[in-house]
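Coordinate inspection notes
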Amino acid sequence: KFKDVRVRRAVAHAIDRQFILTKILHDDGIIDHSPISSIYKDFHTDDVPKYPFDPARARALLDEAGLKPDANGVRLKFRLDPTPTGERSVKLAEYMRSALAEVGIEVQLRNQDFATFVKRVYTERDFEVIIAGGQMGPDPVIGTQRFFWSKSFKPGVAFSNASHYASPEVDRLLEAAQVEPDRDKRRALYADFQRQAMTDLPRIPLFTTSGRLFFSDRVSPLPDNAEGTFG
């Protein structure tokens, strides 16, 4: 259903990120338009193809892709699995269903427990579209590459390249950036990666948010190892 990039771009244009930020996140976060969040200033570039909220453009792209409205105004149907991690994910999925209906896309929501979701998406490959987040830092090799590198796709490996995106050019850029010692050259490689990923659009970036951490060293020291708060 999504092999035509115009369909993916139409979905991106149908989403109002500002509404999400204000009404669902309550301004707890920032809007992002790139695979590498703008909070990672050493690697992020804003010079990427963008898909601003534009329902008319979304409808035009669907028309171009040959998805005309039926008698009920429906052009396309798909099933959406939000990551079952709380109320925010549910509200985001409900908003998606409402927003995409405005351009003739009927979204069917499916909910399950977290273990079932992970097995269904990353092992059974039984899904169409998911809403998923991921911890992206501190370096793109650690946080971002797993979602876009073709070699990170393998059934059974969770939190990886669920879309099975396979781009020889993106693979080349990511692999070169892994080992490039020159800071400026490495930054340029990641800029090219971001532009290519946002052209192909296997994933649609929406926002970056962060958790709140409260701790007291009267209880235990704050972990400072690679596991971070998971330690």
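Throughout what follows, the structure given in this document is the object of discussion. Within every chain, residues take consecutive numbers counted from 1 along the sequence as written. With pLDDT at 70 or above as the cut-off, local features in this predicted model cover only qualifying residues; side-chain atom pairs require 80 or more to be listed or tallied, and sums for whole chains, interfaces and linings still use all residues. Just so you know, side-chain values use all the structure's heavy atoms and leave hydrogens and water out.

Residue His 164 is not a glycine yet carries a positive backbone phi of 55°. A run of H or I in DSSP becomes a helix once it reaches four residues, and a run of E becomes a strand once it reaches two; helices and strands are each numbered from the N terminus. Counting through the fold element by element, His 164 comes out in the loop between helix H7 (145–148) and helix H8 (168–179). Each residue gets one of three labels from its accessible area relative to the maximum for its type: buried under 20%, exposed over 50%, partly exposed in between, using a 1.4 Å probe on protein chains only. Using a relative accessible area of 43% as the deciding quantity, one classes His 164 as partly exposed. One non-glycine residue with positive phi stands out, namely Leu 201, at about 55°. For Leu 201, the location among the structural elements is in the loop between helix H9 (183–200) and strand S5 (207–208).

Salt bridges are identified by distance alone: a Lys or Arg side-chain nitrogen within 4 Å of an Asp or Glu carboxyl oxygen. Evaluation of the coordinates by the stated rule reveals 19 salt bridges. When the shortest N-O distance is used, the salt bridge between Arg 183 and Asp 42 registers 2.8 Å. Here Arg 183, found in helix H9, pairs with Asp 42, found in the loop between strand S1 (30–31) and helix H3 (55–64); they are 141 residues apart in sequence, far enough to count as distant. Relative accessible area serves as the criterion here: at 40%, Asp 42 is assigned to the partly exposed category. Between Glu 169 and Arg 172 there is a salt bridge; the shortest N-O distance is 2.9 Å. Pair noted here: Glu 169 and Arg 172 are both in helix H8, with a separation of 3 residues, about one helical turn. Linked through salt bridges whose partners overlap, the residues forming this network are Arg 79, Asp 81, Arg 110, Arg 120 and Asp 126.

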